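# Survey of secondary and tertiary structure
The residues making up each chain are set out below.
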Amino acid sequence: MRQIKVGRILTRSTDDRMERLADRLAEDASSVADLPAQDVVRPLACARCQSDEQHIVQGRPGEEITLVCRWCGQVWTPEWRGGGDAAEANQTLLEQAIAEAETKAGSGAGATDILQVLLDGLTAGEWTPTDADRLTATQLLSELPPEEVTESVISGCMRATLPYGSRSEQFGEALARTIGVLVAPGLDGSYGRRMLALLTELARTITAVHPDDLPARPAPTASA
Ligand SMILES: [Zn+2]
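Residues numbered from 1 in each chain as written. Predicted model: local features only at pLDDT ≥ 70, side-chain atom pairs only at ≥ 80, totals over all residues. Heavy atoms only, no water.

## Section: the coordination of the zinc ion
- Protein coordination of the zinc ion is provided by Cys 46 (SG), Cys 49 (SG), Cys 69 (SG) and Cys 72 (SG), with donor distances spanning 2.3 to 2.4 Å.
- Its four donor atoms give the zinc ion angles of 102 to 117° at the centre, a pattern that matches the tetrahedral case.
- Mapped onto the polypeptide sequence, the residues donating to the zinc ion form the spacing pattern C-x2-C-x19-C-x2-C. Each member of the pair, Cys 69 as well as Cys 72, carries the same accessibility label: buried. (Donors = N, O, S within 2.8 Å, 3.2 Å for Na, K, Ca; no water. Tetrahedral: all angles 85-135°; square planar, octahedral: opposite > 155°, others 65-115°. Buried < 20%, exposed > 50% of the residue type's maximum accessible area, 1.4 Å probe, protein only.)

Laid out in structure tokens, this is it:
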């Protein structure tokens, strides 16, 4: 399975006629009959929080695309509102993301690689988590023994420690990649255990940082 961090995915739809119909009706009811279908390009937004940037994309060539939101941990496959075959469109989207990843260093790194990079960076003083990272890590450690952590536990912690924007991009990516591995069919048990052990170690290291040493950010106000 490939797992890739993407920027913004743009998708094509041919069916925004209902929205434009409302506009047209407001203007002139006699002109609605000739309203043509029109290609529109939309950013692909998270099915839950509507964030449209830096999702984790995953799947194998020939499969439909699966996305994991870096902000709220939602896992989803896009629903197509336009014409054409939805499964085919989702396969194409995955192929495009894989092709694009070939040109960008680091975008295709695995979950354990990312967790290890953050752990090493934190230990070496090269990466500093945010207040929200610390909150997320604290909640994660309070939930379950590491080997029993599931994707819904992780996404629950992500959602409980919003607002969006104060969690670091790096920790969000590591959590989203971990969720992606956990939901993928045919999970390799030993890889999964190593990944969750690394996640636990990273969370413990983050919570060990004194809050005064964390960068000043707006304190999260969302409650669990
Ligand atoms: Zn989301």
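Further notes follow.
## Notes on the packing of aromatic side chains
- Scanning all chains against the criterion turns up zero aromatic pairs.
- When the ring centre of Trp 71 is taken as origin, the NZ or CZ atom of Arg 70, which lies over that ring, is 4.5 Å away. (Phe/Tyr/Trp six-rings, centres within 6.5 Å; stacked < 30°, edge-to-face > 60°. Lys NZ or Arg CZ within 6 Å of the ring centre and 35° of its normal.)

## Brief notes about the side chain of Asp 52
- Mapped onto the secondary structure, Asp 52 falls in the loop between strand 3 (40-43) and strand 4 (56-59).
- Those residues within four positions of Asp 52 in sequence are excluded, and the remaining contacts are Gly 7, Arg 8, Pro 43, Leu 44 and Ala 45. (Helix = DSSP H or I, 4+ residues; strand = E, 2+ residues; numbered from the N terminus. Contact = heavy atoms within 4.5 Å.)

## Re the sheet that holds strand 1 (residues 2-5)
- Across the sheet, four strands lie side by side as 1-4-5-6; this open sheet has antiparallel pairing. With partners counted over all chains shown, the strands left at the sheet margins are strand 1 and strand 6 (75-76), one partner each.
- In this structure, strand 4 lies alongside strand 5 (residues 66-68), joined through three bridges in antiparallel fashion. Bridge pairing in strand 5 links Gln 58 to Thr 66. (Pairing = 2+ DSSP bridges.)

## Overview of unusual backbone geometry
- Phi at Gln 50 takes a positive value of approximately 70°, unusual for a residue other than glycine.
- Structurally, the position occupied by Gln 50 is in the loop between strand 3 and strand 4.
- You will see that Gln 54, though not glycine, has its phi angle at about 55°, which is positive.
- Tracing the backbone shows Gln 54 in the loop between strand 3 and strand 4.

## Description of the nonpolar core
- Judged by nonpolar contacts, the single largest core of 32 residues is most densely connected at Ile 154, Phe 171 and Leu 202.
- Elements with a contribution of two residues or more to this core: helix 3 (111-123), helix 4 (131-143), helix 5 (151-160), helix 6 (169-183) and helix 7 (189-207).
- In this structure, Ile 9, Cys 49, Leu 67 and Trp 76 belong to the second largest nonpolar core, which totals 18 residues. (Core = buried A, V, L, I, M, F, W, Y, C linked by side-chain atoms within 4.5 Å.)

## So, the confidence of the model for the chain
- When pLDDT is averaged along the chain, the result is 83, and 78% of the positions lie at 70 or above.
- The model gives residues 218-224 a pLDDT under 50, and that stretch makes 15 contacts with residues more than four places away or in other chains. (pLDDT = per-residue confidence, 0-100.)

## Digging into helix 2 (residues 86-101)
- Taking 1.5 Å per residue as the helical rise, helix 2 with its 16 residues ought to reach 22 Å, and the 23 Å between its terminal C-alpha atoms agrees with that figure.
- Burial in helix 2 covers these residues: Asn 90, Leu 93, Leu 94, Ala 97, Ile 98 and Ala 101. All buried residues of helix 2 fall inside an arc of 135° around its axis, so they share one side.
- Its side-chain oxygen placed 3.4 Å from the backbone nitrogen of Ala 87, Asp 85 serves as the N-cap of helix 2. (Expected span 1.5 Å × (residues − 1). Arc of directions from axis to C-beta. Polar contact = N/O pair within 3.5 Å; in protein donor to acceptor, adjacent residues only side chain to side chain.)

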